[in-house]
Amino acid sequence: MGLVARHVEAAGIPTLCMTSALDITRAANPPRAAFLDFPLGHATGKPDEPELQRQILVDAISCLESMTAPGSINTLPFRWSEDEGWKPKAFAGGDDRLPRHDTPQYQDEEDRRRAEGVGPPACPVCPS
Amino acid sequence: MEPVEYIPRIRDNYLRLGYKPYNWAFNTDPPPWTPLNKPLSKCRLGLAASGGIYMTGQVAFHYKDDISVRDIPTDVDTKDLRATHFAYDLSDARTDPNVVFPIDPLRRLVREGFLGGLAERFQTFMGGIYSTRRVTEDLAPRLTARFLAEGVDAVLLVPV
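Residues numbered from 1 in each chain as written. Chains lettered and ligands numbered in written order. Predicted model: local features only at pLDDT ≥ 70, side-chain atom pairs only at ≥ 80, totals over all residues.

Overall, the prediction assigns chain B a mean pLDDT of 94, with 100% of residues at 70 or greater. Interface scoring of the predicted complex returns ipTM 0.95; its pTM is 0.93. (pLDDT = per-residue confidence, 0-100.)

Next comes the structure, spelled out in structure tokens:
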């Protein structure tokens, strides 16, 4: 995402990158970043915690006003858990990365039917 | 505890799985810089997120070098958002898409007057793209063109 940030910024629009992967963001070196030390897949908060999500967004977006130096990274003051027991496990042993299918991977079959513009499956016993 | 170092962990994982190595972007030159020229309370915000969010009715992302983009209207019903991605645990994003696509907190910040407004549409795609060339020469220009067409004042970028 750092590459996208640099491209958008170069076109004249200020950007802020959220990140939960500090080393990846440091390497890509975007103009502004806010580091949230949460497991991947939670760059803007925990599920069903709207107050936390709001505060994370306020702190992050404020960086657009407060940062003055290109390449700044602010660490946001939130912790996923007290013991941080998730960290040693993150990507540590094998992973559950999914096969690289080249067909759309729908969350559920209803999504597929809607996207393909077909109705629900015909009832197999009703007369047509 | 120190932040997780993902580059060595993911590199080892790819080796173990027999995938070709992922080429992380390393930029040693200073990043470009455009100052924000108005207060946040007057800014219209754009957003791009790479967590594989789509809206039911749209074609979902596939997992083989997909660099396509979905437009998500910012008045979307949050219940219509879906998540698909090959590289992270989707369970929390499917419970509450705001963990990777913060549409509800951003709408709230507009109601509260913290932000001036939102773009008509946000952009989503699926990160973990192998080719930095395809990102810099194809995906990033397409996203930038959409932000320029919308005339947003600032852009929030949300990776996984």
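Attention now moves to the nonpolar core. Counting residues in hydrophobic clusters, the biggest one holds 64 residues, and the most contacted among them are V4 of chain A together with L45, V100, V155, L157 and V158 of chain B. In this view, V158 of chain B contacts M18, A43 and T44 of chain A together with L47, A49, G51, V100, F101 and P102 of chain B; residues no more than four positions away in its chain are not counted. (Core = buried A, V, L, I, M, F, W, Y, C linked by C-beta atoms within 7 Å. Buried ≥ 20, exposed ≤ 12 C-beta atoms within 10 Å, placed from the backbone. Contact = placed C-beta atoms within 7 Å.)

Residue pairs three or four apart in sequence face the same way in an α-helix, which turns once every 3.6 residues. Most of helix 1 (residues 2-10) of chain A sits inside the fold, with 7 of its 9 residues counted as buried. Turning to helix 1 of chain A, the residues buried within the fold contact strand 1 (15-19) and helix 2 (22-28) of chain A together with strand 1 (44-49), helix 4 (132-150) and strand 7 (154-158) of chain B. Immediately downstream of helix 1 of chain A, the backbone of G12 of chain A shows phi near 105°, a positive value. (Helix = DSSP H or I, 4+ residues; strand = E, 2+ residues; numbered from the N terminus.)

Moving on, we come to helix 1 (residues 6-17) of chain B. With 12 residues, helix 1 of chain B extends 16 Å from end C-alpha to end C-alpha; this agrees with the ideal 16 Å at 1.5 Å per step. G18 of chain B, located one to two residues past helix 1 of chain B, shows a positive phi value of around 80°. (Expected span 1.5 Å × (residues − 1).)

If you look at the interface, chain A gives 69 residues, while chain B gives 74 residues. Of all the secondary structure elements, the ones that give two or more residues to the side of chain A that touches chain B are helix 1, strand 1, helix 2, helix 3 (50-66) and helix 4 (109-115) of chain A. Tallying contributions element by element places helix 1 of chain A first for the side of chain A that touches chain B, with 9 residues. Residue composition of the side of chain A that touches chain B, grouped by class: 36 nonpolar, 17 polar and 16 charged. As defined by bridge partners, strand 1 of chain A adjoins strand 7 of chain B across 3 bridges and the pair is classed as parallel. Within the sheet, the bridge partner assigned to L16 of chain A lies in strand 7 of chain B and is L156 of chain B. (Nonpolar A, V, L, I, M, F, W, Y, C, P; charged D, E, K, R; others polar. Pairing = 2+ DSSP bridges.)

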